[in-house]
Amino acid sequence: MQTVHDLASLRAALRAWRQQDQRIALVPTMGSLHAGHYALLRRAQQCAPRVVASVFVNPTQFGPNEDYTRYPRTLAQDQAGLAALDCDLLFAPTVEVMYPCGSEDALSIHVPGITEVLEGVHRPGHFDGVATVVAKLFAMVQPDYAVFGEKDWQQLQVVRRLQRDLGMALEIIALPTVREADGLALSSRNQYLDAAQRARAPLIHATLLWMRSAAQQGHNHAVIEHAAAQRLQRAGFAPDYCVIRVADTLRPASGDAPFAQLIALIAARLGSMRLIDNLPFAAS
Ligand code: PAF
C-alpha cells in the first residue's frame, strides 16, 4: 500500500488507475482506526477494484472547546492496519494541503436544514467543517463510491445532501454501526472511557432498543423520549437529546409516519465524555 501526503502524489496514483478504467472507492476517516473503519474498507473493496482511505483530523469540524488537539493520532498503526487489509492507497494530507488558504479563512460549505437540529444545535459549526472537508476529499479523489458508517447518522444525511445538491457523480454507501458484544457502538473516542464509564456506556444502545420497542407498541413518541432521558439520567448520564425522528430528514415524525422510516437517536454525556448512537427502526 502506498501512502501519499500531497496532491501531486495522490493525482499520480489516481491517474494510473483511471487510465486503466478502474473504479475507485473512498473511505474518509480521521484515523485511530478500529473494526468499524475496517468494515467500511471491506465494503469499499466490494464496490470498486481500487480503494483509497483518507486519514485527516479535520480542524474545522471541532468546536473551540472540543478535543482537536487531543484527538488520537495513530498514523503508523493505521497504515499497518490498512496495508494488512490490502487497501490500495492511504491519503494522509497535512492541514496545509487540505486548507491551502489556512483553516481559519477557508471556504466553508453550509448544508442548510438538516444541520440545524440535534448535533447541529450541540456542536455549532461542526457540520460546516464536515461538509467542507468531505467536499474537498471528493474533489481531490473524485471517487466513484464513498463509504460512511451509520454511527454518525446525521453526518451521513448531510453528506448525502451535499452529494445530491452539488450533483456529484459518486454513490454514497452506508454501513450499519459496528458494535461491541455488549452493544456499545465502536468509536475512536471510546478509549477515553474509564472503567466505570465503559461499564455504563452500553445503556445507550439498550435505551435505543427500548425506544424502538416502545414505539412499535404504539406508545406516544414524546412519552417515550421523556422516559428514555429519565432512564439515562438515573444511570448518571446527562442526555443532550433522546428522540425519535424521521430517519432521512431528522424531522419529528407525524402520527402516520411508517415505523420503518423512523430512527431513535441519543447523545448523552457521561462525565467529560459525550456519546452518540442511533437505531434505524428499519433495521429491526
Ligand atoms: O466521520 C469521520 O470520521 C469524519 O467526520 C469525516 C467524515 C472523515 C470527515 O472528517
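The structure under discussion appears in the preceding block.
Read on for an overview of the structure.

Conventions adopted
- Residues numbered from 1 in each chain as written.
- Predicted model: local features only at pLDDT ≥ 70, side-chain atom pairs only at ≥ 80, totals over all residues.
- Heavy atoms only, no water.
- Helix = DSSP H or I, 4+ residues; strand = E, 2+ residues; numbered from the N terminus.
- Expected span 1.5 Å × (residues − 1).
- Buried < 20%, exposed > 50% of the residue type's maximum accessible area, 1.4 Å probe, protein only.
- Polar contact = N/O pair within 3.5 Å; in protein donor to acceptor, adjacent residues only side chain to side chain.
- Contact = heavy atoms within 4.5 Å.
- Core = buried A, V, L, I, M, F, W, Y, C linked by side-chain atoms within 4.5 Å.
- Salt bridge = Lys/Arg side-chain N within 4 Å of Asp/Glu carboxyl O.
- Pairing = 2+ DSSP bridges.
- Axes fitted to C-alpha atoms, helices over the stretch in contact; angles between N-to-C directions.

1. Re helix H6 (residues 126-141)
Alright, step 1. For H6, spanning 16 residues, the distance from its first C-alpha to its last is 23 Å, which sits close to the expected 22 Å at 1.5 Å a residue.
Alright, step 2. Counting buried positions along H6 yields 14 of 16 residues, so the element is predominantly enclosed.
Alright, step 3. Immediately downstream of H6, the backbone of Gln 142 shows phi near 45 degrees, a positive value.

2. Description of the side chain of Thr 132
Alright, step 1. One can find Thr 132 in helix H6.
Alright, step 2. Residue Thr 132 is classed as buried on the basis of its relative accessible area of 3%.
Alright, step 3. Within the local environment of Thr 132, its side chain forms a polar contact with the backbone nitrogen of Ile 109, the two atoms lying 2.8 Å apart.
Alright, step 4. When sequence neighbours within four positions are dropped, the list of residues in contact with Thr 132 reads Tyr 99, Leu 107, Ser 108 and Ile 109.

3. A look at the nonpolar core
Note on soluble globular proteins: their nonpolar side chains tend to be buried together.
Alright, step 1. Core analysis: the biggest nonpolar cluster contains 46 residues, and Val 52, Phe 91 and Phe 138 have the highest contact counts within it.
Alright, step 2. Broken down by element, the residue count for this core peaks at 10 residues, all from H6.
Alright, step 3. Counting residues in each nonpolar core, the second largest holds 25 residues, with Leu 208, Met 211, Ala 264 and Phe 281 among its members.

4. Quick notes on the pattern of salt bridges
Alright, step 1. Counting across every chain of the model gives 10 salt bridges.
Alright, step 2. Taking the shortest distance from any N to any O, the salt bridge between Asp 88 and Arg 50 comes out at 2.9 Å. Within this pair, whereas Asp 88 is found in the loop between helix H3 (75-84) and strand E4 (89-91), its partner Arg 50 is found in strand E3 (residues 50-55), the two being separated by 38 residues in sequence.
Alright, step 3. The partner of Arg 269 in a salt bridge is Asp 240, and the shortest N-O contact between them spans 3.6 Å. Taken together, the residues span a long stretch of sequence, with Arg 269 in strand E8 (residues 262-270) and Asp 240 in strand E7 (residues 238-246) at a distance of 29 residues.
Alright, step 4. Since its relative accessible area comes to 33%, Arg 269 is described here as partly exposed.

5. Considering the sheet that holds strand E1 (residues 2-4)
Alright, step 1. The six strands lie next to each other as E1-E4-E3-E2-E5-E6, forming an open sheet whose pairing is parallel. On the outer flanks of this sheet lie E1 and strand E6 (171-175), each paired with one strand and no other. Neighbour-to-neighbour, the strand axes of the sheet open up by a mean angle of 25 degrees, direction not taken into account.
Alright, step 2. Across three bridges, E3 lies against E4 in parallel orientation. By the bridge assignment for E4, Ala 53 is matched with Leu 90.

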